[in-house]
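Close look at the chain arrangement
As a plain string of letters, each chain reads:
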Amino acid sequence: MAFKTILAVTGPSQGDGDLKLAAGLCEQFGAHLSVLVLVLAAPPSGGGYAAAVSPAWLEERRADLKRLKERTSVVSAFLSQIVTSGDLIDDYPDTAWADETIGRRARYADITVIGPELLAGETLKCKVIEGALFSSGKPLLLIPEGSRPTLKPKRVLVAWDARLESSRAVRESLDMLIGADEVHLVMVDPVEDEYHHGAEPGADAAAYLARHGVKVTVDRLPSSNHSVADVLRRHAVDIAADLMVMGAYGHSRLRQRIFGGVTKSMLDDPSMPILMAR
């Protein structure tokens with residue numbers, strides 16, 4: 001799909017580095033930059049009654065709102081200086097519900113971008129990831145430190161496992177795949193049966209992409225006792241990929257947190273720009 005609105009989320013702990021990356025991506029497509037400024041509100045200790053009688057909690061909220069106002073002012077000044085159009089909204093949601101707030105805003109964008117500054121955080125990073133992936137129906141782009149962000153990649157690695165999530169990621173990135181010089185459809189230890197990859201793993205997905213004019217190559221890789229995430233990372237380096245496209249959370253979030261998984265590994269250590277969809 002065409003990316004005409006890009007969402008960036010920021011807070012008082014971030015600078016303008018991520019916003020500059022997002023604005024640069026907007027310039028590639030003539031897209032609109034939407035910015036959500038957030039401060040996450042901590043719940044009062046002791047329940048609602050404590051909230052009414054706790055001066056410390058009320059003072060903390062006043063300090064949070066002051067920080068939110070100051071950060072919003074800085075972002076507004078930033079938006080007034082960029083060449084693309086932009087809009088700004090701020091919010092002060094409870095931490096427990098922040099992902100829903102972010103997801104609702106992300107529904108009005110084509111993609112949410114997380115840059116190095118936000119990736120270096122913890123709570124807000126997790127809320128943006130969960131909100132974008134589970135509450136928006138739109139893709140997410142991770143841009144780690146030192147990588148070159150682009151929505152017009154020349155070489156793309158598509159992590160394919162025949163699940164609904166990877167199919168959604170391919171569909172969301174189809175315009176980019178069509179414009180790329182090389183697209184590698186990569187499977188790790190593919191299973192040859194009708195419920196997974198079919199008799200010839202990757203053939204159906206490659207045919208689908210080829211009909212759209214995608215220059216696709218199928219790569220079937222053995223894990224050789226390495227994790228799937230590590231195999232994908234190494235192969236991305238081998239083919240000099242600009243971008244990885246993958247589905248997110250093929251298993252439940254709880255299972256991923258307890259046992260780990262490809263999504264969790266990539267979110268914890270994105271070695272290159274990754275587009276995720278669910």
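Throughout what follows, the structure given in this document is the object of discussion. (Residues numbered from 1 in each chain as written. Predicted model: local features only at pLDDT ≥ 70, side-chain atom pairs only at ≥ 80, totals over all residues. Heavy atoms only, no water.)

Secondary structure assignment for the protein chain yields 12 helices and 10 strands. Buried residues in the protein chain amount to 49% of all 278 residues. Contacts in the protein chain between residues far apart in sequence, at least 24 positions, make up 79% of those at least 6 positions apart. In the form shown here, the protein chain has an accessible surface area of approximately 13200 Å², with 51% of it arising from carbon and sulfur atoms. (Helix = DSSP H or I, 4+ residues; strand = E, 2+ residues; numbered from the N terminus. Buried < 20%, exposed > 50% of the residue type's maximum accessible area, 1.4 Å probe, protein only. Contact = heavy atoms within 4.5 Å. Areas by Shrake-Rupley, 256 points an atom, 1.4 Å probe, with all protein chains shown as cover.)

Our next topic: the sheet that holds strand β3 (residues 86-91). As summarised here, the arrangement of the 10 strands in space is β3-β2-β1-β4-β5-β10-β9-β6-β7-β8, forming an open sheet in which the pairing is mixed. Of all strands in the sheet, those with a lone pairing partner are β3 and β8 (216-221), marking the two edges. On average, each strand axis in the sheet is tilted by 25° relative to the strand beside it, whichever way the strands run. With 3 bridges joining them, strand β5 (residues 140-142) and strand β10 (residues 274-277) adopt antiparallel strand pairing. Paired with L140 across the bridge in β10 is M276. The sheet contacts of helix α3 (residues 55-79) involve β1 (5-10), β2 (32-38) and β3, and relative to β2 the element is tilted by about 165°. Together, β1, β2, β4 (111-114), β5 and β10 form the strand contacts of helix α6 (residues 123-135), whose direction differs from that of β4 by roughly 160°. (Pairing = 2+ DSSP bridges. Axes fitted to C-alpha atoms, helices over the stretch in contact; angles between N-to-C directions.)

Relative to the helices and strands, G247 resides in strand β9 (residues 243-247). Here G247 falls in the buried class, since its relative accessible area comes to 16%. Each C-alpha atom, one on G247 and one on K127, is 18 Å from the other, the two residues being 120 residues apart in sequence. Setting aside anything within four residues of it in sequence, one finds G247 in contact with E165, S166, A169, T263 and A277.

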